[in-house]
Amino acid sequence: MINIIGNFSLWLALCFSAFQFLNSLKKNNNSLIYLNKIAVNGLLICTLISFFSLMYGHIVSDFSLTNVFQNSHTTKPLLYKISGVWGNHEGSMLLWILILNIFNYFIFKLYNGKNLRFVSKILETQALIIFGFILFTAITSNPFELMQELNENGLGFNPILQDPALAIHPPLLYVGYVGFSAAFSISLAALTLEDNSIPWHTYMKPFVLAAWTFLTIGITFGSIWAYYELGWGGWWFWDPVENASFMPWLLGTALIHSLITVERKGILQSWVLLLSILAFLLSVIGTFLVRSGILTSVHTFALDPSRGIYILIFTAILASYSLFLFGLKLKKNPTNNYLSFFSKEGSILFNNILMVTVCFSVFLGTIYPLLIEAFTNNKISVGEPYFNATVVPIIIPAIIVMGVGPILSWGGVNKSKLFKKVFPAILSTLIMTFLTFMFYQSYSFVGLIGISLAFWIISNNIIMWFKKKEKLSIGMIISHLGVGFLILGITGSSVWQQEKIIKMKLKNEVKIKNYNIVFKEIDEIKGSNYLALRGNFYVYNEKRKLITILQPENRYYPITNNFTTEAAIDTNLIRDLYIVIGNGNINEGWTVRLYHNPLVMWIWFGAIVIFIGGIISTNNNLTKMKSLRK
Amino acid sequence: MIKKVFIFVLFFFITQNYYFNSYAVEPEEILTNKKQEILARKISKNIRCMVCQNESIDASSAPLAKDLRILIRNKIQEGKNSEEIYKFLTDRYGDFILLKPPLKIITFPLWFLPFFILIISIIYMFWPNKKSKKT
Amino acid sequence: MNKKLLILPAIIFSSILLVFFYLLIIDRDPSGVPSALINKKIPKFETKSLLTEETFISSDLFNNEITLVNFFATWCKPCRDEHDNIKKLSNEGGLKIIGINYKDNNEKAIKWLKELGNPYTSVGIDKNGSIAIDWGVYGIPETFVVDSSGVIKYRHVGPITNKIYNKINMIVSAIK
């Protein structure tokens, strides 16, 4: 029953999207808004029904639905039954479609008396995108397929994916990707605009900011999950799927900066229009890489070349339509003046060039193995060493400029005045860097660069905060501060990590940094859907005071016949203590891995601060956009 | 501008200079000579686990990864340097086993294109050959 | 900006999409790796034979006829799955097949071959996997086709399915 409701509403939504597209094509104004209102609301209601039908199926464990059978089990806790809806390919497409239609609704709300053609054009492009995604899902990835025979229980679900951070990670990311689709549609609408009085950038900015903000926090939760759950101690692996989320983020960063120059100075307009097209196209190509089976990755969903061909054709249609339109409709911009490097617009342009270059490196590195495979008989790998070598050197000048960019004025600065303004920050950076090195007593060149960059940003922004200039956006200061904290965390955890890998018997003791850790006992425990061997490690500081008890586990999930290791982590602002227990027995002892990772918390803290700054800025720009109604 | 280029080139060489944590190395594999162990980690970080998705042998608990880790350490103890070890592995497994793509003609675009685009863009946008108009 | 340059993004994009399209429609294994030893002479090795008391030397074994080399183990399920096809290659195809027993227990392997049938002319023991590493083996079962002058012509990773069986026969005929 539920599958009929879900499937029917999905196909009905397809009809509504076609209706919205055809309707928006019309030049006739009379019933345009009214008919689009029907289309937009119809789409939203249908996709809500469809999505929640699937969710209902998962919650009540209706194993007649293939999607529920393949991905769920009665013993799964309720939270993960719900997040299991989007933890698979078909369900995640349904979530993507739902979010597309929520944004579609918000775009519809943009209609005010003056922007009829503009908003209609946005809705027309959105309808095309929605149509493509729904058609793809309904035909190649339908979540409402029925099982031939009814089973009593499902195939269970991968236990390492049962984690709160991972549960929330896809919805946040999809808000990001879908937000860029809105920017894409606004860009195409701006290209075909005849009325030059409409400030398309004022409409675009909140969408880009919202997309970028949610993409930031989505990526962050993915990394948090990887670090705390996978037991590899890492949080970023330059895996193709990770890169697929990083590329739109980079272009989004470029966009939120260059949109400022469009607003204030009217320059770089064509550049921004192109960027917003590319950001969404990269999101779609990312979807393609992950879901087509063209490459393997830890993240890939079910591999199916026929899905790949569909997405490829869809991407080709979107890309040719948008890029062709861009080439054709681009108006010659009169302002092609020389930009001084030492000016606000110069620093923003510099940032843009660097962000786009990094994005290009990541893109090239991700698809290069595929290119080599297509043109030669060989296969190569492009892994972490390549990305570190090409991305890090480019980020460094970007960060240097980022410290001082916000206080540069439009058009150019007096260099000696600038030096006076910036001197306190330089001083503060040197002092803080020195103190940090004294504290950690470990000297490395990479550490020096990282720490000084971090404090450069933090110093500049704290000074800006206290000077309280109304012109400076508070969201910007907060986000930039977040970047400083982020770099602090990344540097500390990469450069000053320590490890101890040994075999430990019960009652053995080991020393790492200035902690003494005693392996007191081992016990067997039973969880909701697993059995585990758990070690109990007592952590003492130099004064023999008990700080915490760490309990790493080796888990066995009988349903999926899976083994996982659960790392035990003690976190504070200064360091993470990370213990993983491996194989062994009572006689020879167990393999124990202990890690001391400094400043890891600052990575997550920094990212969340960036997120908060983004929310504030999004809100401010939304207010600006709403004021266009008057 | 030239300074910036110089700094880029400099940074190309400082990527790794410290002891990497490994999340798969077993206690009995670790060499007693610290310098040799650091070299082993450095090389292992660049060797792909052939049966995993995008992991190095240092992070993978697969049996083949362990065999290769031990093989690398044996060769280091025999006195082989990293180039010889890389050649040994690529002779058998091809360039695929290297996580850092080797610099060959076929990979020139991979290594130089981003840098090239960066230089061209910066020169194009900031070279003072247009009308110098301070707004 | 030169208008013609604006077509550039479109061209680059379409070319990349074409490459992806090509990769999707051809028959390929996204996780498979081509052997680095194709068209190279076989790696020399020396080990013990599984079924006899003799030593097992590579230079003695490959003499002027097309030979298959199959890496297998009793603990490997796909090896069990392909065993019938290996026997078929030996019996119906009349091909000489050398087996390399990878990281296995000798008694178990002897018993396994007794129970399921032995398609190999001789079997070598690779206790610690070093022969496999020399051959660039990463996922057993793996099967190599070696021509009459001792040069490796083809390598298949994974079990010999019916489809691969036909492919190997085609390759062998092509070498002859």
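Right, let's walk through the structure included here. Within each chain, residue numbers correspond to sequence positions counted from 1 in written order. Lettering for chains starts from A, numbering for ligands starts from 1, and both go in the order in which the items are written. Per-residue local features are limited, in this predicted model, to residues with pLDDT of at least 70; the limit for side-chain atom pairs, both in listing and counting, is 80 or more; totals at the level of whole chains, interfaces and linings are taken over all residues. In computing side-chain properties, one takes all heavy atoms of the structure into account and sets aside hydrogens as well as water.

## Digging into the interface of chain B and chain A
- Contact between two residues is taken to exist if any of their heavy atoms lie within 4.5 Å; hydrogens are not considered. If you look at the interface, chain B gives 53 residues, while chain A gives 64 residues.
- Counting the surface lost from both chain B and chain A, the interface buries some 5100 Å², and carbon and sulfur atoms represent 65% of this.
- A quick way to say it: buried area is the sum, across both parts, of accessible area lost when two parts are put together, with a 1.4 Å probe. Area buried by chain B at its contact with chain A is led by Tyr 23, Leu 110 and Phe 126 of chain B, which between them contribute 15% of it.
- For salt bridges, the criterion is a side-chain nitrogen of Lys or Arg within 4 Å of an Asp or Glu carboxyl oxygen. Between the two partners, chain B and chain A, sit 2 salt bridges.

## Some thoughts on the state of the cysteines
- Cysteine sulfur atoms that pair up within 2.5 Å are treated as a disulfide. Taken as a whole, this structure holds 2 disulfides over all chains when the rule is applied.
- Covalent S-S linkage joins Cys 49 of chain B and Cys 52 of chain B, the inter-sulfur distance amounting to 2.0 Å. Negative torsions about the S-S bond denote left-handed disulfides, and the value of about 60 degrees found for Cys 49 of chain B with Cys 52 of chain B makes this one right-handed. Comparing Cys 49 of chain B with Cys 52 of chain B, the two get one shared label, buried.
- For Cys 76 of chain C, the disulfide goes to Cys 79 of chain C, at an S-S distance of 2.1 Å. The sign of the S-S torsion, about 90 degrees, decides the handedness of the disulfide formed by Cys 76 of chain C and Cys 79 of chain C: right-handed. In this pair, the class of Cys 76 of chain C matches that of Cys 79 of chain C, namely buried. Partly exposed residues are those whose accessible area sits between 20% and 50% of the maximum for their type, while under 20% is buried and over 50% is exposed, using a 1.4 Å probe and protein chains only.

## Some remarks on the interface of chain C and chain B
- On the side of chain B, 15 residues touch chain C, which itself brings 13 residues to the contact.
- Surface buried jointly by chain C and chain B totals about 1100 Å² across both partners, of which 60% is contributed by carbon and sulfur atoms.
- The three residues of chain C that bury the most area against chain B are Val 33, Ile 133 and Tyr 138 of chain C, which together make up 47% of that side's buried surface.
- Counting across the interface, chain C meets chain B through 2 salt bridges.
- As a salt-bridge pair, Asp 134 of chain C and Arg 92 of chain B come within 2.8 Å of each other at their nearest N and O atoms.
- Here a polar contact means two N or O atoms within 3.5 Å. Within protein one must be a hydrogen donor candidate and the other an acceptor candidate, and residues neighboring in sequence count only if both atoms are side-chain atoms. At the boundary of chain C with chain B, the tally comes to 3 residue pairs in polar contact (both at pLDDT 80 or more).
- A helix here means a DSSP run of H or I that spans at least four residues, while a strand means a run of E at least two residues long, and both kinds are numbered starting from the N terminus. Ranked by residue count, the leading element in the side of chain C that touches chain B is helix 5 (residues 130-134) of chain C, at 3 residues.

## Topic: the packing of helix 7 (residues 164-191) of chain A against helix 9 (residues 240-265) of chain A
Residues and elements named next belong to chain A.
- Convention adopted: a line fitted to C-alpha atoms gives each axis, helices being fitted over their contacting stretch, and angles between N-to-C directions are expressed from 0 to 180 degrees. Here helix 7 crosses helix 9 at 50 degrees, and the two axes come no closer than 11 Å. Relative to helix 9, helix 7 is oriented oblique. In terms of crossing hand, the pair formed by helix 7 and helix 9 is left-handed. Contacts between helix 7 and helix 9 pair Leu 173, Tyr 177 and Phe 180 from the former with Ala 244, Ser 245, Pro 248 and Gly 252 from the latter. Under this scheme an angle from 65 to 115 degrees is roughly perpendicular, one under 35 degrees roughly parallel, and one over 145 degrees roughly antiparallel; angles in between are oblique. Two helices cross in a left-handed way if the nearer one is turned anticlockwise from the farther one by less than a right angle. They cross in a right-handed way if the turn is clockwise.

## A short note on the nonpolar core
- Buried Ala, Val, Leu, Ile, Met, Phe, Trp, Tyr and Cys residues that are joined via side-chain atoms within 4.5 Å together make up what is termed a nonpolar core. Of all hydrophobic cores here, the largest spans 199 residues; its most connected members are Phe 118, Phe 133, Trp 200, Met 204 and Ile 294 of chain A together with Phe 20 of chain C.
- A domain assignment, automatic or from a database, supplies the domain bounds used here. Shared between two domains, this core holds at least three residues of each, these being domain 1 (1-162) and domain 2 (498-598) of chain A.
- Residues within four places of Trp 200 of chain A in sequence aside, it is in contact with Phe 118, Ile 186, Ala 190, Leu 259, Val 262, Gln 269, Val 272 and Leu 273 of chain A.
- Counting 45 residues, the second-largest nonpolar core is a separate cluster that includes Leu 95, Trp 135, Phe 144 and Ile 171 of chain C.

## A look at the pairing of strand 3 (residues 67-72) of chain C
Residues and elements named next belong to chain C.
- Most of strand 3 sits out of view: 6 of its 6 residues are buried.
- Along strand 3, one buried face is formed by Thr 67, Val 69 and Phe 71 and the opposite face, lined by Leu 68, Asn 70 and Phe 72, is buried too.
- When DSSP finds at least two bridges between two strands, those strands are taken to pair. By the bridge criterion, 6 bridges tie strand 3 to strand 4 (residues 96-102) in an arrangement that is parallel. Within strand 4, the residue paired with Leu 68 across the bridge is Ile 97.
- By the criterion used throughout, a crossover qualifies as right-handed when its path from the first strand across the helix to the second strand runs clockwise, the strands pointing away from the viewer. Each parallel crossover has a hand, and the one from strand 3 via helix 3 (residues 77-91) to strand 4 is right-handed.
- Sheet topology places strand 3 next to strand 6 (residues 142-146); 5 bridges connect them, and they run antiparallel. Across the sheet, Thr 67 pairs through a bridge with Val 146, a residue of strand 6.

## Let's talk about unusual backbone geometry
- Of note, the amide linkage connecting Ile 140 of chain C to Pro 141 of chain C takes the cis form, showing an omega dihedral of 5 degrees.
- Among the secondary structure elements, Pro 141 of chain C is positioned in the loop between helix 5 and strand 6.
- In the Ramachandran plot, Arg 544 of chain A falls in the positive-phi region, its phi being about 60 degrees despite a non-glycine side chain.
- Tracing the sequence through the fold places Arg 544 of chain A in the loop between strand 4 (531-540) and strand 5 (546-550).
- For Arg 544 of chain A, a relative accessible area of 45% puts it in the partly exposed group.
- Positive phi, normally seen in glycine, also occurs at Asn 54 of chain B, with a value near 60 degrees.

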